[in-house]
Amino acid sequence: MAGKISAASARAHTRKSKQNSGFKIPFGMFRTISLVFLMGFVAYAYQAIQPPPPKICGTSDGPPVTAPRVKLSDGRHLAYKEHGVPKDEAKYKIVYIHGFDSYRLTNIPLSQTWVWRESDPNPKRTEKGIALDVEELADQLGLGNKFHVLGYSMGGQGTWGCLKYIPHRLAGATLVAPAINYWWPGFPGNLSKEAYKMQLLQDQWTLRVAHYAPFLTYWWNTLKWFPASSVASRDHAILCSQDKELLPMIPSVDRVNSTENLIEFSRVSECVRNDPYWLSTPVRQQGEFESLHRDLTVGFGRWEFDPMDLENPFTDSEGTVHLWHGNEDLFVPVSLQRYIVGKLPWVHYHELTGGGHLFPYAAGMNDAIIKSLVLGEKK
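Now for a quick tour of the structure. The structure presented is a predicted model; accordingly, all values stated were derived computationally and were not measured.

Definitions and cut-offs
- Counting restarts for each chain: residues are numbered from 1 in the order of the written sequence.
- Where totals are concerned, whole chains, interfaces and linings use all residues; where local detail is concerned, this predicted model gives features only for residues with pLDDT of at least 70, and gives and counts side-chain atom pairs only at 80 or more.
- Where side-chain values are given, they derive from all heavy atoms of the structure, hydrogens and water being excluded.
- Secondary structure counts use DSSP, requiring at least four H or I residues in a row for a helix and at least two E residues in a row for a strand, with both numbered from the N terminus.
- Any residue under 20% of the maximum accessible area for its type is buried, any over 50% is exposed, and the rest in between are partly exposed; the area is computed with a 1.4 Å probe on protein chains only.
- Every residue pair with non-hydrogen atoms within 4.5 Å of one another is taken to be in contact.
- Accessibility throughout is a Shrake-Rupley quantity obtained with a 1.4 Å probe, and a residue counts as covered only by protein chains that appear here.
- Identification of polar contacts relies on pairs of N or O atoms within 3.5 Å, with a donor-acceptor requirement for protein atoms, meaning one able to donate a hydrogen and the other able to accept it, and with residues adjacent in sequence counted only if both atoms are side-chain atoms.
- Note on aromatic pairs: the rings of Phe, Tyr and Trp (six-membered ring only in Trp) are paired at centre separations within 6.5 Å, and the planes decide the class, stacked below 30 degrees, edge-to-face beyond 60, tilted for the rest.
- To sit over a ring, a charge needs its Lys NZ or Arg CZ within 6 Å of the ring centre and within 35 degrees of the ring normal.
- Here a helix's expected span is defined as the number of its residues, less one, multiplied by 1.5 Å.
- Each patch is built from residues that are more than 30% exposed by relative accessible area and take part in no salt bridge. Like charges join if they lie within 9 Å; nonpolar side chains (Val, Leu, Ile, Met, Phe, Trp, Tyr) join within 5 Å.
- Salt bridges are counted wherever a side-chain nitrogen of Lys or Arg sits within 4 Å of a carboxyl oxygen of Asp or Glu.
- Fitted lines through C-alpha atoms give the axes, limited to the stretch in contact for helices. The angle between two N-to-C directions lies from 0 to 180 degrees.
- The cut-offs work like this: below 35 degrees is roughly parallel, past 145 is roughly antiparallel, 65 to 115 is roughly perpendicular, and the gaps in between are oblique.
- Residue polarity is assigned by list, with Asp, Glu, Lys and Arg as charged and Ala, Val, Leu, Ile, Met, Phe, Trp, Tyr, Cys and Pro as nonpolar; anything else, Gly included, falls into the polar class.
- One requirement defines pairing of two strands: DSSP has to find at least two bridges between them.

1. Section: the overall build of the protein
When you go through the protein residue by residue, the secondary structure sums to 12 helices and 9 strands. Here the protein holds 379 residues, and 51% of them are scored as buried. The contacts in the protein between residues at least 6 apart in sequence include a share of 79% that link residues at least 24 apart. Just so you have it, the protein exposes about 19,000 Å², and 55% of that area is on carbon and sulfur atoms.

2. Quick word on the side chain of aspartate 295
Looking at where aspartate 295 falls in the secondary structure, it is placed in helix H10 (residues 288-299). Looking at aspartate 295, its side chain comes within polar contact range of the side chain of arginine 125, at 2.4 Å.

3. Focus on the packing of aromatic side chains
Geometry of an aromatic ring pair is reported as the spacing of the ring centres plus the angle between the planes. What the rule picks out here adds up to 10 aromatic pairs. Considering the side-chain rings of tryptophan 183 and tyrosine 212, the 5.8 Å spacing of their centres and the 85 degrees angle between planes classify their relative orientation as edge-to-face. With tryptophan 183 in the loop between strand E6 (170-176) and helix H5 (189-197) and tyrosine 212 in helix H6 (residues 201-212), this residue pair connects regions lying 29 residues apart in the sequence. Look at tryptophan 205 and tryptophan 220: their rings are 5.7 Å apart centre to centre, the planes differ by 20 degrees, and that puts the pair in the stacked class. One end of the pair, tryptophan 205, is in helix H6; the other, tryptophan 220, is in helix H7 (residues 217-222), and 15 residues separate them in sequence. For tryptophan 205, a relative accessible area of 38% translates into the label partly exposed. When the ring centre of tryptophan 205 is taken as origin, the NZ or CZ atom of arginine 208, which lies over that ring, is 4.8 Å away.

4. Focus on unusual backbone geometry
Phi is positive for serine 153, which is not a glycine, with a value near 55 degrees. Turning to its location among the elements, serine 153 is positioned in the loop between strand E5 (147-152) and helix H4 (156-165). The class for serine 153 is buried, based on a relative accessible area of 6%. Positive phi, normally seen in glycine, also occurs at alanine 177, with a value near 45 degrees. Along the chain, alanine 177 falls in the loop between E6 and H5. Under the relative-accessibility criterion, alanine 177 is labelled buried at 0%.

5. Quick look at H6
The end-to-end C-alpha distance of H6, which contains 12 residues, comes to 16 Å, matching closely the 16 Å that a straight helix rising 1.5 Å per residue would cover. What H6 keeps buried is the set Gln202, Asp203, Gln204, Thr206, Leu207, Val209, Ala210 and His211.

6. What about a nonpolar patch on the surface?
The grouping of Leu35, Leu38 and Met39 at the surface amounts to a nonpolar patch, some 310 Å² of accessible area in total. For leucine 35, a relative accessible area of 47% puts it in the partly exposed group.

7. Some remarks on the packing of helix H3 (residues 127-140) against H4
Relative orientation of the contacting elements H3 and H4 amounts to 80 degrees, with a least axis distance of 8 Å. In terms of orientation, H3 and H4 fall into the roughly perpendicular class. Here H3 contributes Glu127, Lys128, Ile130, Ala131 and Val134 to the contact with H4, which in turn contributes Gln157, Gly158, Gly161, Cys162 and Tyr165. Grouping the constituent residues of the contact of H3 with H4 by class yields 5 nonpolar, 3 polar and 2 charged.

8. Regarding the pairing of strand E4 (residues 92-97)
Counting buried positions along E4 yields 6 of 6 residues, so the element is predominantly enclosed. Here E4 shows no split at all, with Tyr92, Ile94 and Tyr96 on one side and Lys93, Val95 and Ile97 on the other all buried. Sheet topology note: the E4/E5 ladder contains 4 bridges and is parallel. The residue bridging isoleucine 94 from the neighbouring strand is histidine 148, located in E5.

9. Some remarks on H3
Compared with the 20 Å implied by 1.5 Å per residue over 14 residues, the 20 Å span of H3 between its first and last C-alpha is a close match. Restricting attention to buried positions, one finds in H3 the residues Glu127, Gly129, Ile130, Ala131, Asp133, Val134, Glu135, Leu137 and Ala138. Just downstream of H3 lies glycine 142, where phi reads positive at about 70 degrees.

Following this line, the structure appears as structure tokens:
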């Protein structure tokens, strides 16, 4: 009969009516809600990647000042520790630039005492800035027109900086197992890539983040989701056989905190041990970002110069530059050091068979390194 609606049609019509009568979010409101969520996520992500503020020594929420310090021209304080004979009597003045996380793993046994870093952080730190800090420190302490510089591991960045920016102030320089930036332009691409791939996977990621996304360095190295730097996490997988043997020679945090007269390190040889005046600038009270992660972003970021473009600062033969490295070093590939000294024939190269990154702790190495620096001995 015309005009009749079938039961099936009625049911379909009812379902359609119910669907049409459901609640709908207007497009404009949906866009607003999405934007709010996006802004919230961005704000959360921004907060997550921000390092905590540094702990400034001498402030109400920072550690106490227990080391001598000088006030630099920009208002920052730089802490130091003197070793050896009084500087007014010393024949040789040596500024020692420590390495990465040096309070435990990377300090050369230069003296019988130890001290934490109590320097103010420098958020604009560069290789040039480190060199100028060394120069100003030397001037304030009256080290004279010329002094020696010795940098170990990550302290190499400061030593290269001194050779670049203040060569006229140097009486000599030594790089001991210096860290290398895989992105220095002077390296052939295949060589640096091959050396980079020799690193532990976690270090490859850490260095890649430090170079390409330095603002993520703190976040990457502190979250448990990602593999952090093997050195910062003290992973023994980065140690070669000699390093593992020498590890007991390095003072632990507890031993550093528990005694004033920390360890009886090997002394420099008789011919120079009464002559040097030592100046070291140690590491970590500012917080992990300022003392560890910023080292990564500076050392493996984009440098203002390539060390392989440097010229010999001692053409008058009044000083020498030395580079010491172990061929079993798992921190820094020896192949890159060999390439560097091949490009810089005026650098006197000392390669140690079987030596790892901690070779300065081996018996007799202290003597050899210092004698080559202050006496100009080439072998």
